[in-house]
Amino acid sequence: MANKGPSYGMSRQVQDKIEQKYDPELEVRLVEWIGTQCGSGVGKPEAGKLGFQAWLKDGCVSHLNQKPTRAVNFPSVPINRYLDHLSNE
């Protein structure tokens, strides 16, 4: 990681605390849940914390779960005239 601080002192204590909170069993449950929600096309991450995080960051999970957007119909009146009409009321 580019932003990894020193491995001693307060920074080390904070990093140890973060690592203690990481739950590998929860990771497995999340991978199963994401696979169920998005389908088998998302694949499986490499084992471990860094593999799971890289799998989430690569975008294929969020890309497959997005709903297609629909077109928005704007009024045919130019927006300035529309706003002027609203302010005159």
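The rules behind each value
Residue numbers run consecutively from 1 along every chain, following the written order of its sequence. This being a predicted model, a pLDDT of at least 70 is required before a residue's local features are given, and a value of 80 or more before pairs of side-chain atoms are given or counted; all residues contribute to the totals for chains, interfaces and linings. Remark: hydrogens and water are excluded; side-chain values derive from all non-hydrogen atoms of the structure. Counting from the N terminus, the helices are the DSSP runs of H or I reaching at least four residues and the strands are the DSSP runs of E reaching at least two. By definition in these notes, contact holds between two residues if any of their heavy atoms fall within 4.5 Å. The method behind every accessible area is Shrake-Rupley, applied with a 1.4 Å probe, and residues are considered shielded solely by the protein chains displayed. Paired rings are identified among Phe, Tyr and Trp, the last through its six-membered ring, by centres lying within 6.5 Å, and are further divided according to the angle between planes into stacked (under 30 degrees), edge-to-face (over 60) and tilted (the rest). Whether a residue is buried, partly exposed or exposed follows from its accessible area with a 1.4 Å probe, protein chains only, as a fraction of its type maximum: under 20%, in between, or over 50%, in that order. Like charges are joined within 9 Å and nonpolar side chains (Val, Leu, Ile, Met, Phe, Trp, Tyr) within 5 Å, but only among residues with over 30% relative accessible area and no salt bridge; these make up the patches. Any Lys or Arg side-chain nitrogen located within 4 Å of an Asp or Glu carboxyl oxygen qualifies as a salt bridge. One less than the residue count of a helix, multiplied by 1.5 Å, gives the span that helix is expected to have. The arc in question is the one traced by the directions running from the helix axis out to the C-beta atoms. For the purposes of these results, a polar contact is taken to be a pair of N or O atoms within 3.5 Å, where, inside protein, one atom must be able to donate a hydrogen and its partner to accept one; residues adjacent in sequence count only when each atom of the pair is a side-chain atom.

- The name given to the chain in an unreviewed UniProt entry is Transgelin, with Cyprinus carpio as the source organism.

1. Considering the overall build of the chain
Right, on to step 1. For the chain, the helix and strand inventory stands at five helices and zero strands.
Right, on to step 2. Its helices and strands taken in sequence order, the chain reads α-α-α-α-α from the N to the C terminus.
Right, on to step 3. Of the contacts made within the chain by residues no fewer than 6 positions apart, 32% connect residues no fewer than 24 positions apart.
Right, on to step 4. Accessible surface, the chain: about 8,100 Å² in total, of which carbon and sulfur atoms supply 54%.

2. A word on the packing of aromatic side chains
Right, on to step 1. Applying the stated criterion across every chain yields a total of one aromatic pair.
Right, on to step 2. Measuring from centroid to centroid gives 6.0 Å for Phe52 and Trp55, while their planes differ by 40°, and the two rings are tilted. With a gap of three residues between them, Phe52 and Trp55 both fall in helix 3 (residues 49–57), about one helical turn apart. Pair check on accessibility: Phe52 and Trp55 agree, each one buried.

3. Focus on a nonpolar patch on the surface
Right, on to step 1. On the surface, Met10, Val14 and Ile18 cluster together to form a nonpolar patch covering roughly 300 Å² of accessible area.
Right, on to step 2. Secondary-structure assignment places Ile18 in helix 1 (residues 9–21).
Right, on to step 3. The class for Ile18 is partly exposed, based on a relative accessible area of 45%.

4. Digging into helix 2 (residues 24–38)
Right, on to step 1. Its 15 residues place the ends of helix 2 21 Å apart at the C-alpha level, agreeing with the 21 Å of an ideal helix rising 1.5 Å per residue.
Right, on to step 2. Restricting attention to buried positions, one finds in helix 2 the residues Glu27, Val31, Ile34 and Cys38. Along helix 2, the residues classed as buried sweep out an arc of 70° about the axis, all on the same side. When the buried face of helix 2 is taken as reference, the exposed residues oriented beyond 90 degrees from it are Glu25, Arg29, Trp33 and Thr36.
Right, on to step 3. For helix 2, the N-terminal cap is Asp23; the gap from its side-chain oxygen to the backbone nitrogen of Glu25 is 3.2 Å.
Right, on to step 4. Positive backbone phi, approximately 95°, marks Gly39, located one or two places after helix 2.

5. Some words on the pattern of salt bridges
Right, on to step 1. Inspection of every chain in the model, using the stated rule, returns one salt bridge.
Right, on to step 2. Ionic pairing is found between Asp16 and Arg12, a salt bridge with its closest N-O pair at 3.4 Å. In this pair, Asp16 and Arg12 both sit in helix 1, four residues apart, roughly one turn of the helix.
Right, on to step 3. Overall, Asp16 belongs to the partly exposed group, its relative accessible area being 28%.

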